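# Commentary on secondary and tertiary structure
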Amino acid sequence: MPDTHARFSPSAANRRIHCPPSLLLEEQFEEGESVYAAEGTAGHALAEHLIRKHLKQRTTRPTSEYYKDELLEAVDEYVSFVIGEIEDARRECQSPVLLVEQRIDASEYVDGCFGTADMVIITDKVAHIIDLKLGKGVEVHAEENPQLMIYGLGVLHMAEALYDIETVRLTIFQPRLNNSSTWDVSPDYLKKWGEEILRPTGAKALIGAGEFAAGTWCRFCKARNQCRARAEHFLEMAKLEFRQPALLTDEEVAGVIARADELSKWAADVYAYAQDQAIAHGKHWPGYKVVEGRSARRYTSEEDVARAAAAAGYTDIYKKSLLGVTEMERLMGKERFSAILGKLVYKPQGKLTLVPDSDRREAVSFDTAQDDFKEVQL
């Protein structure tokens, strides 16, 4: 039976490349799956089923407690995008290779490096790797993305024996953040990156060599709560702690903005670690104590409550709510939904927010931003 867990996982490649010894450090911590990861796994399983169904492959629809309206809508957006890419490939190539949830091996560059690509579409000249991201926290982009570049190298290794690949197309699809990006790269560029960056940093990571380095890649590191390098990373920020924002220079304000989100997440991670240690392991932190939080009253049995209320003469005890957009569309079918409710459905404008210049979204004009802000204030 093949291994199911890669030591050098493509999904953690950005962290390994920037901080090679993090691999051995993380191996000291137990494996665990967060609620967010479990929801993502459920979403990927549903997407796989729907794409295989489109391809007329044998598949069974998965079930999950996470299949709520918002997740279903995000999966539908991704599946619609992939089906569009599949049909484009079929028009361009007589027999494109279509691989769903395909295991990709890049062990020729780093021992034990393999992962699963959500969708691979190979035509005569193009190898297209599509990665679904269901997270709602941070935008991820395709350009110079180590995880997708590793997948690209693995797909090249499979495809070049049969096809003369001229372009490797890497796509990130992140529906919950309305973010999609595609990067076309040449096979030669990918292979050079594999030899000059991936291979040497991968070798260091496997033996715990190299220097610890903190950055945005720390977010999902298992050691992030206790990592001294990460704590030291924020010491410069602490120097500005007691200064009024209006007294900071433009450069200092920009620096704070650039690291504020990361700093708040670090503080939240430390708090979560301290709370877990106190509650689960009885650790006492100087100046803090564990208390019982507030709770809301609950019924011991909704069926017993309904019967007792009805026996007392109370019958209007249930609430009704309208189906969400995605559930309503599933009920009616897309064509009838569009005909009946199309004019009654809209997508509101996204909330204005300040982001780095590197963000792919188009900037709003200053006048538009001011008008929108006034509308929010009213």
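Residues numbered from 1 in each chain as written. Predicted model: local features only at pLDDT ≥ 70, side-chain atom pairs only at ≥ 80, totals over all residues. Heavy atoms only, no water.

Examined against the element boundaries, Tyr36 turns out to sit in helix α3 (residues 35-54). In this structure the C-alpha to C-alpha distance between Tyr36 and Tyr66, which are 30 residues apart in sequence, comes to 9.8 Å. (Helix = DSSP H or I, 4+ residues; strand = E, 2+ residues; numbered from the N terminus.)

Pairing in this open sheet of 5 strands is mixed, and the strands run β1-β2-β3-β4-β5 from one edge to the other. Taken across any chain shown, the strands that pair with only one partner, and hence form the sheet edges, are β1 (97-105) and β5 (179-185). With strand direction ignored, the average angle separating the axes of adjacent strands in the sheet is 25°. Taken together, the 8 bridges between β1 and strand β2 (residues 114-122) define a ladder with antiparallel strand orientation. Across the sheet, Leu99 pairs through a bridge with Val120, a residue of β2. Sheet strands in contact with helix α4 (residues 69-92) are β1, β2, β3 (126-132) and β4 (167-174), and its direction is about 50° off that of β2. Sheet strands touched by helix α6 (residues 187-207): β4 and β5. Its angle to β5, the strand with the most contacts, is close to 95°. (Pairing = 2+ DSSP bridges. Axes fitted to C-alpha atoms, helices over the stretch in contact; angles between N-to-C directions. Contact = heavy atoms within 4.5 Å.)

Counted according to the given criterion, the structure contains 16 salt bridges. Linking Asp164 and Lys125 is a salt bridge whose minimum nitrogen-to-oxygen distance equals 3.8 Å. Of this pair, Asp164 sits in the loop between α5 (146-159) and β4 while Lys125 sits in the loop between β2 and β3; the two residues are 39 residues apart in sequence, bridging distant segments of the chain. The exposure class assigned to Lys125 is partly exposed, which follows from its relative accessible area of 37%. A salt bridge links Asp304 to Arg307; its shortest N-O distance comes to 2.3 Å. Of this pair, Asp304 and Arg307 both sit in helix α10 (residues 302-311), separated by 3 residues, roughly a single helical turn. Taking relative accessible area as the criterion, Asp304 reaches 40% and is therefore assigned partly exposed. (Salt bridge = Lys/Arg side-chain N within 4 Å of Asp/Glu carboxyl O. Buried < 20%, exposed > 50% of the residue type's maximum accessible area, 1.4 Å probe, protein only.)

Glancing now at unusual backbone geometry. Backbone geometry places Lys56, a non-glycine residue, at a positive phi of 60°. Within the element layout of this structure, Lys56 appears in the loop between α3 and α4. For Lys56, a relative accessible area of 77% translates into the label exposed. With a phi close to 55°, Glu144 is a non-glycine residue in the positive phi region. Note on placement: Glu144 falls in the loop between β3 and α5.

Bringing the nonpolar core into the picture now. Grouped together as the largest cluster of nonpolar side chains are 35 residues, with contacts concentrated most on Phe8 and Ile129. Elements with a minimum of two residues in this core: α1 (13-18), β2, β3, α5, β4, β5 and α6. Element by element, the count of residues in this core is highest for α5, at 8 residues. Non-local contacts of Phe8, meaning those with residues more than four positions away in its chain, are made with Ala13, Arg16, Leu23, Val110, Gly112, Cys113, Phe114, Ile150, Leu198, Gly202, Ala205 and Leu206. (Core = buried A, V, L, I, M, F, W, Y, C linked by side-chain atoms within 4.5 Å.)

Take α5 next. Its 14 residues give α5 an end-to-end C-alpha distance of 20 Å, which sits within 8% of 20 Å, the value for a rise of 1.5 Å per residue. Among all positions of α5, only Pro146, Gln147, Leu148, Met149, Ile150, Tyr151, Gly152, Leu153, Gly154, Val155, Leu156 and Ala159 are buried. Its side-chain oxygen 3.1 Å from the backbone nitrogen of Gln147, Asn145 forms the N-cap of α5. (Expected span 1.5 Å × (residues − 1). Polar contact = N/O pair within 3.5 Å; in protein donor to acceptor, adjacent residues only side chain to side chain.)

Two elements in contact, α4 and helix α11 (residues 325-332), have axes whose closest approach is 8 Å; the angle formed by their N-to-C orientations is 65°. It follows from the interaxial angle that α4 and α11 lie roughly perpendicular. Along its contact with α4, which presents Asp69, Leu72, Glu73 and Asp76, the element α11 presents Val325, Thr326, Glu327 and Arg330. When the residues that make up the contact of α4 with α11 are grouped by side-chain class, the tally is 2 nonpolar, 1 polar and 5 charged. (Parallel < 35°, antiparallel > 145°, perpendicular 65-115°, else oblique. Nonpolar A, V, L, I, M, F, W, Y, C, P; charged D, E, K, R; others polar.)

Where α5 contacts α6, the two axes come as close as 10 Å, and the packing angle between them is 115°. By the criterion of interaxial angle, the relationship of α5 to α6 is roughly perpendicular. Our pair here, α5 against α6, has a crossing hand that is left-handed. Every residue of α6 that contacts α5 at Pro146, Met149, Ile150, Gly152, Leu153 and Leu156 is listed here: Pro187, Tyr189, Leu190, Lys191, Trp193, Gly194 and Leu198. Of the residues assigned to the contact of α5 with α6, the class counts are 10 nonpolar, 2 polar and 1 charged. (Left-handed = near helix turned anticlockwise from the far one by under 90°.)

With that settled, the discussion passes to the packing of aromatic side chains. Applying the stated criterion across every chain, the model contains 3 aromatic pairs. Seen from their ring centres, Tyr78 and Phe173 are 6.0 Å apart, and the 55° between their planes marks the pair as tilted. A residue pair is termed long-range when its members are at least 10 positions apart, and Tyr78 in helix α4 and Phe173 in strand β4 qualify at 95 residues. The pair Tyr78 / Phe173 is uniform in exposure class, with both members buried. Residues Trp183 and Tyr189 carry aromatic rings whose centres are separated by 5.9 Å and whose planes lie at 90° to one another, so their mutual orientation is edge-to-face. Residue Trp183 is classed as buried on the basis of its relative accessible area of 13%. On the basis of relative accessibility, which here comes to 38%, the residue Tyr189 falls in the partly exposed class. Put simply, the rings of Tyr78, Phe81 and Phe173 touch in pairs and so form one group of aromatic residues. (Phe/Tyr/Trp six-rings, centres within 6.5 Å; stacked < 30°, edge-to-face > 60°.)

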